[in-house]
Each structure stands twice: as structure tokens, then as C-alpha cells.
Amino acid sequence: MTIFCSHCHRPLQAEMSCLPKRDKQAPSASRPFRSTKSASKARRDQINVELQALRSLLPISAQEKERLSYLHTMALVCLQLRGAQLFPPDSVTPVGPALGVELLSLLPGFLLVLSANGKLVYISENVAQVLGLSVVELLAHGDTVFDILDGQAHEDARKKLLLAQEEPGREVMFIGEMRTSKAFQLQHGGNRAVAVHGHFTAPRWPAFPSTAAFLALCTPVAQLSADSDTGSQDDLFQSIHILDMTFTDVTESVTYHLGYRREELIGQSWYSLLHPEDTDIAAAQHRAVALGAGAAPGTAVLRLLRRDRTWAWLRVSARREGGGRAIACTSRCLREEEAAYLRDRQRRHTAPP
């Protein structure tokens, strides 16, 4: 049986001669380049050489360079490029705060510099003391501040950064849990709450007219647990009370934090300084400590009246001492945002299921 072509009504030949004929294939010398295994390997080797060259230029120790993966290498290179864009090496101020280890150790937290869209530009090396992660390990999570923050803090961080950007120089603060090492999570029961306090500033040598940098100090927020007073002693004072919470002794540092002299407080009731809205919380803590067995500590976030008639936010941890005949309190001063964060967390932890 003969098959006819529908276009030209001629028998369909084996070579299908009625169809449009394709151009003859070009000689092999002019064919498009096709990847081969040897060519792919050559390209990979060339990329590896370039990455090794970039790695050698990074201002980190040789030991850290040996541990860098390709991803970490590129993340650090991007961090350095963003820093060089905002703070050129030939500018009056060097790239990032060139602080020594000794000076960084005196800070209550680590330094952070962000670009206008939240990209990481600089992280001081003492971040490991706060989060248990080095700069390299932190960058493994991402290259924005949102990558190292717990998801619940993202929206607040975005709002505060936009607010600070609209009014350069205005100080803003947001609190969120930052990623930490596994060892830290096991030791402290999770990630660490950090207060980010800073403002946007436009460098005097901007690479672009809209260039701005968010300069911030990141300090750990006091924990709710009563055994977390191992940090700085500059923001706390201690007091001794009889079982009805009358002051019998208080450290001289109370003058700096509350304005009272030590002699003014001895013999006065602790309740006379409490904010009226916090008396129920304080009374519950008092009962738990005074009536509880042994020296089990209790912790609460409260407001106490300063001598100038303003309110001081304190995280107060109390425990029985002196054979059960006295109550010792350690009061750590908080910023209002820290107090709000701790109270919210305390409500979430104590709320019924």
C-alpha cells in the first residue's frame, strides 16, 4: 500500500523528500562547544584555585581558613566586600571598628554593623562570648540579621530598622533570640535573647548617595532563672531583709541605681518602694521564698521607685539565707524593652495549657 503525502500528494519516500530539508550539519570544527568530563574538571579546578586565592586573602587565622567550606568562604568574602563598600580602606576611619581583643572583652556585648536592607557588614569577634559561635560559624546560617534571629523577632526587627532609617541618628532597640551553638543550647536550654541597640549613620565617604550603616551594640538580656547573675556586676545591687521584707542591709551600689543612700533604706519595707501594679507579683514571689522549703530561689520582674520619683525596672531574684531567718535579694537593672520581653516570656511559660 502506498502512503501519500498530504501536502504534495506524492508517495512518501523512505527519505521523506517532501519535507523541508535541514541544513547540512556543520563540520565538527565549527560545532557548538559541548562540555566533556575533562572540560568540566578543568573548570572546577580553576574555580577551586580562585576560591583558594580568595580564602588566602581573608583576615582570619590560618586555622580558621583550613576549616572553611566554599560556602563559608564566599559568605566571608561578601561580608568583606560590603564592609569595604561602606568603609573603604583608604577612608579616615578603618574598615569596621579595629578593636583589640582586650578592648572587646570590656564590652557588655558584641558590635554589629548592618546595611540598609539588613545585610551583615561587620560582627566583632567577641560574638563567640555571647552566642558560642564564631563569626564564620554564624555566617553559616545566612548573611542577614534575620537569618541569625529567631523567626518571632523578624517583624519587630524590620519595623525598628525602618524607623531608624527614616530618622538617621535616632536610637532604636529590638530584642530577639539569636542562634547559638549546640553546646550553649544544652547548657542554657535554648538560644540566647539579645538586645540590639543602635542607629543608622551615613558615612562621610559614601560609595553611593543612599549608603547608610546601622551601628549597634548587642547585649545579652538577663535570664529569668535566678542562677544567671554571673555576668557584669555593674548593673545590680544586693540587699538583705528579714522575713517580712524589711531592709536590714543593702550594698552601696543602690545609690547609683535607685538614688537612695544605704542608711535611708535600712529599716524601710521593700513593699513601700514597689509599683502598685506589681504588688501581686512581688507578694507571690515573697510567699514562695518565705514559705518554701530550703533556699529555693524565686525570680520576678518588678518596678521599684527611685528617689527622683521615676520607676526602675528590676529583675529580682530572692532566696532564703541565714538558716532561713533572712531573705537575700539580687536586683539587676533592666531596660524597659528587656523587662517587657521577660514579662511576656514569663507569662507564656506560666500560662495554663
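Residues numbered from 1 in each chain as written. Predicted model: local features only at pLDDT ≥ 70, side-chain atom pairs only at ≥ 80, totals over all residues. Heavy atoms only, no water.

**Examining the UniProt feature "domain: PAS" (unreviewed entry) in the chain**
Consideration 1: Feature annotation in UniProt places "domain: PAS" (unreviewed entry) on residues 102-168 and 250-278, given in this structure's numbering.
Consideration 2: Counted over residues 250-278, helix gives 31% and strand 3%. Its end C-alpha atoms are 21 Å apart. (UniProt positions renumbered as here; feature names shortened; annotations may be inferred. Helix = DSSP H or I, 4+ residues; strand = E, 2+ residues; numbered from the N terminus.)

**Remarks on the environment of valine 221**
Consideration 1: Within the element layout of this structure, valine 221 appears in the loop between strand S5 (213-220) and strand S6 (236-241).
Consideration 2: Overall, the relative accessible area of 5% leaves valine 221 in the buried class.
Consideration 3: Note: C-alpha distance between valine 221 and arginine 335 (114 residues apart in sequence) is 9.4 Å.
Consideration 4: Dropping the residues within four chain positions of it, valine 221 is found in contact with Ile175, Ala193, Val194, Ala195, Glu338, Tyr341 and Leu342. (Buried < 20%, exposed > 50% of the residue type's maximum accessible area, 1.4 Å probe, protein only. Contact = heavy atoms within 4.5 Å.)

**Thoughts on helix H11 (residues 279-291)**
In an α-helix there are 3.6 residues to a turn, and that puts residues three or four apart on one side.
Consideration 1: Between the first and last C-alpha of H11 there are 17 Å, a value that for 13 residues agrees with the 18 Å anticipated at 1.5 Å per step.
Consideration 2: In this structure, the buried residues of H11 make contact with strand S8 (298-305), strand S9 (311-321) and strand S10 (326-334). (Expected span 1.5 Å × (residues − 1).)

**Details of the packing of aromatic side chains**
Aromatic ring pairs are defined here through the distance separating the ring centres and the angle between the ring planes.
Consideration 1: Using the criterion set out here, one finds two aromatic pairs in the structure.
Consideration 2: A centroid spacing of 5.8 Å and a plane angle of 70 degrees characterise the contact between tryptophan 270 and tyrosine 271, whose relative ring orientation is edge-to-face.
Consideration 3: The class of tyrosine 271 is partly exposed, set by a relative accessible area of 27%.
Consideration 4: Over the ring of phenylalanine 146 we find arginine 158; its NZ or CZ atom is 4.0 Å from the centre of that ring. (Phe/Tyr/Trp six-rings, centres within 6.5 Å; stacked < 30°, edge-to-face > 60°. Lys NZ or Arg CZ within 6 Å of the ring centre and 35° of its normal.)

**Some remarks on the sheet that holds strand S7 (residues 247-250)**
Consideration 1: Read across the open sheet, the five strands follow the order S7-S6-S10-S9-S8; overall the sheet is antiparallel. The sheet is open, and its two edges are formed by S7 and S8, each paired on a single side. Each neighbouring strand pair of the sheet contributes to a mean axis angle of 30 degrees, computed without reference to strand direction.
Consideration 2: Alignment of S9 against S10, held across nine bridges, turns out to be antiparallel. Note that in S10 the partner of serine 317 across the bridge is threonine 330. (Pairing = 2+ DSSP bridges. Axes fitted to C-alpha atoms, helices over the stretch in contact; angles between N-to-C directions.)

**Observations concerning the side chain of glutamate 338**
Consideration 1: Position of glutamate 338 among the secondary structure elements: in helix H12 (residues 336-350).
Consideration 2: A polar contact is formed between the side chain of glutamate 338 and the backbone nitrogen of arginine 335, at a distance of 2.9 Å.
Consideration 3: Contact partners of glutamate 338, with chain neighbours within four places excluded, come to Met173, Ile175, Pro220, Val221 and Ala222. (Polar contact = N/O pair within 3.5 Å; in protein donor to acceptor, adjacent residues only side chain to side chain.)

**Focus: the pattern of salt bridges**
Consideration 1: In this structure the tally under the stated criterion is 11 salt bridges.
Consideration 2: Of the charged contacts, one joins arginine 262 and aspartate 249 as a salt bridge, the two residues approaching to 2.9 Å between their closest N and O atoms. Of the two residues, arginine 262 is situated in helix H10 (residues 262-265) and aspartate 249 in strand S7; the sequence distance between them amounts to 13 residues.
Consideration 3: Accessibility expressed as a relative area gives 25% for arginine 262, which makes it partly exposed.
Consideration 4: Sharing partners across several salt bridges, the network here consists of Glu277, Asp278, Arg303 and Arg343. (Salt bridge = Lys/Arg side-chain N within 4 Å of Asp/Glu carboxyl O.)

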